[in-house]
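Understanding the architecture of this molecule
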Amino acid sequence: MFGYKKLYINGELRDAADGGRQDVICPANDEVVGQIAWGGEADAQMALESAQAGYEMWSQLTPKARREWMFKLRDALLEKEDVIREAVLYEAGKTWDDTGGDFFTVTNALTYYGDEILRQQDVFLPDEDNAFEHHIVRVPIGVVAAYLAWNYPLLNLGFKLGPALAAGCSLIIRPSVETPLSAYLLGEVCAEIGFPAGVVTVICGPHDSVGGTIVRSPITAGVTLIGSTPTGVNLIRESATSIKRYSMELGGNAPVLIFDDADLDKAVDTVAALKFGNTGQICVAPNRIFVHQSILDEFADRIVERAKAHKIGFGRNSGATMGPLINNKARKLIDGLVQDAIEDGAELLYGGKIPDGLESKGAYYMPTVIKNITPDMRIFKEEIFGPVVSLVPFDDDDRVIHQANDTDAGLASYIFTQDVNRMNRMTRELQFGEVQVNGFKYNIDLPHIGIKQSGIGCDCSHWALEDYQAMKRITLAL
């Protein structure tokens, strides 16, 4: 369907040096939908050398000149919207509406950071003796390697591409092997418009020969990742051949605290949107939904109705509102968490199986609701990267704070209450990089932050630029 896509290195589309190729499988029907050049160590070395040369050129451009190139890339991508969204549709098994969120994040990121870099200003420091003038400038760190997750192939790319280019860095993009087509198409667009050579690279291949070669190289000045915490730990360990900068958004285990005075409409809307959107494969999706005992049954009934309303399927014109999981391995893992919870005493209210009629092909799983989850269950402790709503009853504020914080993860959290004092306490005591109250919003201009084992640095907002820049102090004697 999408044919064969080449590596994008040094401003050119290339076959892998050893001629390697890799099939791309659609998780909705298990069919091959494209093929990519599958790089090796020689390709990775070429990528590093060209990225270094690209950085040396790109970093010398003015922010305005970089912005012009970023906008040129954005406009060229917009002209290819349909084919790029189709690639996301087939490589990730998304619904058509979900592909829009992916695609427009890239174009919005190029716009936002192209503008934001022009607003960045030097900082001037006072001198106690009035004998010197001091100011702080920001300089790009160099070549950055970006390792991307499969759940949002282009959204994740946009989070890295926008600030890296604006800051003056070159970027080596290593997309997920599950969803590389859309990134390779971005490489094609860069080639078509003559984007400066070496500034953007797109390469995929075995980790040992490609990802490992890139992360271990002293040429690589920064490593940025969207992925699991174990992957982040391994990349940091493997990259410790030289001092590098890190920006990582890692695993989550998001709690939602729904109190007895909550606006249930808003609470149901939030949980349903984040647990069933993108088939629940969202790093900030609620993982442990703590519901006050007095409203547990009502909330459960309403979220089950939302689950039942979804049409499961695939295709641009299918009307599907939920697609498959990324692969059968993911489905097996999620079903294992659900079945373990049921065996340990949880009550299955809906789902918990492959949808009828979709057993033979694809990685489909029904939207699922289970209640009476307890902290000793695997499903409480491990991230559920799928469409499973796990309800944990509670009746004590002190205990629910302790249970919500009882995780190494620290990405997103959510609170639903009308009590201002409770809001203040919960936002202060919850140990997560994001605490959202009575609703949720994510956008390119809002910082996306993980603490504890959920990350380093920041995606989105002007703060993301700092992950790709170093401080330099300039002092002038008067």
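Look up a bit, the structure's there.
If you're wondering where the values come from, they're calculated on a predicted model, not measured in any experiment.

1. Quick notes on the pairing of strand β11 (residues 220–226)
Across the seven residues that make up β11, a large majority, seven, are buried. Two strands pair when backbone bridges link them, and strand β8 (residues 143–147) and β11 are joined in this way by five bridges, in the parallel orientation. Bridge assignment links Tyr147 to a residue of β11, and that residue is Leu225. One ladder, built from five bridges, connects β11 with strand β12 (residues 245–249); its direction is parallel. Bridge pairing in β12 links Ile226 to Glu249.

2. Quick word on helix α9 (residues 264–276)
Residues spaced three or four apart along an α-helix point in a common direction, a consequence of the helix completing one turn every 3.6 residues. For α9, built from 13 residues, the straight-helix expectation of 18 Å at 1.5 Å per residue is met to within 8% by its first-to-last C-alpha distance of 17 Å. For α9, the N-terminal cap is Asp263; the gap from its side-chain oxygen to the backbone nitrogen of Asp265 is 3.1 Å. Just beyond α9, the residue with positive phi is Asn278, at close to 50°.

3. Comments concerning the packing of helix α3 (residues 81–92) against helix α4 (residues 96–119)
Describing two packed helices takes the angle between their axes plus the distance from one axis to the other. Two numbers describe how α3 lies on α4: the axes approach to 9 Å, and their chain directions differ by 115°. Helix-helix and strand crossings are classified by hand; for α3 and α4 the assignment is right-handed. Here α3 contributes Glu81, Asp82, Ile84, Arg85, Glu86, Val88 and Leu89 to the contact with α4, which in turn contributes Trp96, Asp97, Thr99, Gly100, Asp102, Phe103 and Phe104. Here the residues of the contact of α3 with α4 sort into six nonpolar, two polar and six charged.

4. Remarks on the pattern of salt bridges
Tallied over the full model, the rule gives 26 salt bridges. A salt bridge links Glu188 to Lys5, with the shortest nitrogen-to-oxygen separation between them at 3.3 Å. Within this pair, whereas Glu188 is found in helix α6 (residues 181–193), its partner Lys5 is found in strand β1 (residues 4–5), the two being separated by 183 residues in sequence. The same class applies to Glu188 as to Lys5, namely buried.

5. Digging into unusual backbone geometry
Only a minority of non-glycine residues have a phi that is not negative, and only a minority of peptide bonds are not trans. Even without glycine at this site, Asp30 takes up a positive phi of about 65°. Summarising the element assignment, Asp30 is placed in the loop between β4 (21–25) and β5 (32–37). Taking the relative accessible area as the measure of exposure, Asp30 reaches 37% and is therefore partly exposed. Even without glycine at this site, Asn438 takes up a positive phi of about 60°. As for its placement among the helices and strands, Asn438 is situated in the loop between β19 (434–437) and β20 (448–449). With a relative accessible area of 18%, Asn438 lands in the buried category.

6. A word on helix α13 (residues 397–405)
Along α13, the residues classified as buried are Val400, Ile401, Gln403, Ala404 and Asn405. Each element contacted by the buried residues of α13 is listed here: β13 (254–258), β14 (286–292), α12 (378–381), β17 (388–394) and α14 (420–429). Sitting at the amino-terminal end of α13 is Asp396, which places a side-chain oxygen 3.1 Å from the backbone nitrogen of Asp398.

7. Notes on the nonpolar core
One finds Tyr113, Leu161, Phe195, Val200, Ile258 and Phe299 to be the most contacted residues of the largest nonpolar core, which totals 120 residues. Residue contacts for Phe195: discarding those within four places in its chain leaves Tyr8, Trp58, Trp69, Leu73, Leu165, Cys190 and Val200. Of all hydrophobic cores here, the second largest spans 27 residues; its members include Leu257, Ala341, Ala346 and Leu430.

8. Here's the deal with the sheet that holds β1
The strands that make up a sheet are held in pairs by hydrogen bonds between backbone atoms, and each pair lies either parallel or antiparallel. Spatial ordering of the open sheet is given by β1-β5-β4, a layout of three strands whose pairing is mixed. Two strands lie at the open edges of the sheet, namely β1 and β4, each paired on one side alone. Of the strand pairs in this sheet, β1 and β5 are connected by two bridges, and their pairing is parallel. Residue pairing in the sheet places Tyr4 in a bridge with Gln35 of β5. Its contacts with the sheet place α6 against β1, β4 and β5, and it is angled at close to 55° to β5.

Conventions adopted
- Residues numbered from 1 in each chain as written.
- Predicted model: local features only at pLDDT ≥ 70, side-chain atom pairs only at ≥ 80, totals over all residues.
- Heavy atoms only, no water.
- Buried < 20%, exposed > 50% of the residue type's maximum accessible area, 1.4 Å probe, protein only.
- Helix = DSSP H or I, 4+ residues; strand = E, 2+ residues; numbered from the N terminus.
- Pairing = 2+ DSSP bridges.
- Expected span 1.5 Å × (residues − 1).
- Polar contact = N/O pair within 3.5 Å; in protein donor to acceptor, adjacent residues only side chain to side chain.
- Axes fitted to C-alpha atoms, helices over the stretch in contact; angles between N-to-C directions.
- Left-handed = near helix turned anticlockwise from the far one by under 90°.
- Contact = heavy atoms within 4.5 Å.
- Nonpolar A, V, L, I, M, F, W, Y, C, P; charged D, E, K, R; others polar.
- Salt bridge = Lys/Arg side-chain N within 4 Å of Asp/Glu carboxyl O.
- Core = buried A, V, L, I, M, F, W, Y, C linked by side-chain atoms within 4.5 Å.

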